Amino acid sequence: MPLVSMRQLLDEAAKGGYGVGAFNVNDMEQIQAIMMAAKETKSPVIVQASRGARQFAEDLYLFRLIQAAAELNPDIPIAMHQDHGNSFETCKSAIELGYTSVMMDGSLKEDGKTPSTFEENVDVTRRVVDFAHERGVTVEGEIGVLGGVEDGHGAGGSGLDHITDPDQAVEFAERTGVDALAIAIGTSHGAYKFTKKPDGSVLKMDVLIAIHKRLPNTHLVMHGSSSVPKELQDIVNQYGGKLKPTWGVPVEEIQLGIKNGVRKINVDTDNRLAITGAIRKVFAESPEKFDPRDYLKPAREAMKNVVAARMREFGQAGHAGDYKPLSIAEIAKGYKDGTLTTRPLVASK
Ligand SMILES: [Zn+2]
């Protein structure tokens with residue numbers, strides 16, 4: 001089937017009370033791994049590319065691969081999403097290429113490093129929303145600033161530096177009309193999120209719950225939400241890797257988030273670890289091998305297993321056939337005539 005609207009995917013997830021994993025891709029094997037997992041678990045899925053990924057793979061290679069994934073998997077709704085757009089132009093170029101969803105990360109200035117002001121964030125996000133909705137494309141915004149750096153994007157520092165303020169989240173949602181809202185609750189991008197299993201002092205699930213109470217119908221997005229399981233770290237290190245001990249976001253915390261309005265969960269690091277561990281294992285155990293398929297095939301399989309596990313844990317498994325995807329033109333019409341509301345429901349404190 002053609003690529004579908006992320007808004008529709010998330011609206012349906014809200015109806016069904018589940019979350020949808022958004023998995024990052026840079027190459028064919030990663031896209032195949034996601035589609036194998038989606039097929040196995042019958043899951044709707046969000047595939048996303050960062051600016052770094054678009055540069056690495058060249059836009060057209062990556063986009064054509066996604067189109068192939070959609071054509072080969074007619075029963076799986078797939079949304080193609082720009083992860084962390086840094087400017088109006090980045091989002092516009094993704095939309096013109098055919099992405100069905102974009103993130104305008106106006107929490108940072110265009111350099112992707114410096115925190116912006118609230119007004120700057122509202123302004124650029126609003127412009128992207130106007131441009132995108134006219135074309136039936138979904139927009140995710142971000143309020144608060146994530147910790148860490150990934151693909152050259154991020155303010156660095158701890159995830160606790162710029163936790164989202166619930167009042168600002170409400171004002172941001174009202175003034176921008178975003179379809180989904182990424183919030184900062186202490187998580188960071190990359191492998192090194194927490195130095196021990198996170199508790200409420202570093203992972204602010206209470207803030208997430210407070211935002212959900214004020215914005216009960218807004219789709220919340222968790223970034224930096226790999227779980228960084230020890231088993232995956234161990235495989236990398238067992239075969240010559242040198243990862244320092246680290247902790248991610250436990251799956252049960254994500255599941256608590258899903259009970260409180262989280263509809264999109266970004267996962268990248270876990271897949272990177274699975275791929276690297278599988279490749280290292282082949283290199284260590286069979287140093288005579290030199291056909292890339294000998295290590296890319298197990299790498300793809302390892303990533304597929306992680307993605308399928310997350311799909312089951314997030315609850316999206318089994319929901320691929322629940323609804324008939326609307327065309328992007330129908331979605332555009334919905335935004336225009338107001339069937340698809342962009343006014344958030346706001347509950348009083
Ligand atoms: Zn992110």
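For the structure, check the block above.
Heads up: these notes are all about the structure in this document. Each chain has its residues counted from 1, following the order in which its sequence is written. In view of the model being predicted, local features appear only for residues whose pLDDT reaches at least 70, and side-chain atom pairs are presented and counted only at 80 or more, with totals across whole chains, interfaces and linings using the full set of residues. Side-chain metrics in this entry use all non-hydrogen atoms of the structure; hydrogen atoms and water are not considered.

Points about the environment of Thr218
Strands are runs of DSSP state E lasting at least 2 residues, helices are runs of H or I lasting at least 4, and numbering of each runs from the N terminus. One can find Thr218 in the loop between α8 (205-214) and β7 (219-222). Measuring from C-alpha to C-alpha, the distance between Thr218 and Arg343 comes to 9.5 Å, with 125 residues separating the pair along the chain. Setting aside chain neighbours within four positions, we find Thr218 in contact with Leu181, Gly261 and Pro344. Residue contacts are counted whenever heavy atoms from the two residues lie within 4.5 Å of one another.

Quick word on the coordination of the zinc ion
Here the coordinating atoms are restricted to nitrogen, oxygen and sulfur within 2.8 Å of the metal centre, or 3.2 Å for Na, K and Ca, and because water is not among them the sites may look incomplete. In this structure, His84 (NE2), His189 (NE2) and His223 (ND1) serve as the protein donors to the zinc ion, at separations of 2.0 to 2.1 Å. Counting along the primary sequence, the residues that act as donors to the zinc ion give the motif H-x104-H-x33-H. A residue pair is termed long-range when its members are at least 10 positions apart, and His189 in the loop between β6 (180-183) and α8 and His223 in the loop between β7 and α9 (230-238) qualify at 34 residues. When sorted by exposure, His189 lands in the same class as His223, which is buried. Whether a residue is buried, partly exposed or exposed follows from its accessible area with a 1.4 Å probe, protein chains only, as a fraction of its type maximum: under 20%, in between, or over 50%, in that order.

Thoughts on helix α6 (residues 118-134)
Expected helix span is computed as 1.5 Å times (number of residues minus one). Here α6 spans 24 Å end to end across 17 residues, near enough to the 24 Å set by a 1.5 Å rise per residue. All buried positions along α6 are accounted for by Phe118, Asn121, Val122, Val124, Thr125, Val128, Val129, Phe131, Ala132 and His133. Considering only its buried residues, α6 is in contact with α5 (88-97), β4 (101-104), β5 (138-143), α7 (166-176) and α13 (328-337). Taken from the residues just after α6, Gly136 is the one with a positive phi, measuring 80 degrees.

So, the pattern of salt bridges
The salt bridge criterion pairs a side-chain nitrogen of Lys or Arg with a carboxyl oxygen of Asp or Glu, the two atoms within 4 Å. With the rule as written, the count across this model stands at 24 salt bridges. Among the ionic pairs, Glu40 bridges to Arg312, the shortest N-O distance being 3.3 Å. Of this pair, Glu40 sits in helix α2 (residues 28-41) while Arg312 sits in helix α12 (residues 292-314); the two residues are 272 residues apart in sequence, bridging distant segments of the chain. Since its relative accessible area comes to 40%, Glu40 is described here as partly exposed. Ionic pairing is found between Arg126 and Asp130, a salt bridge with its closest N-O pair at 2.7 Å.

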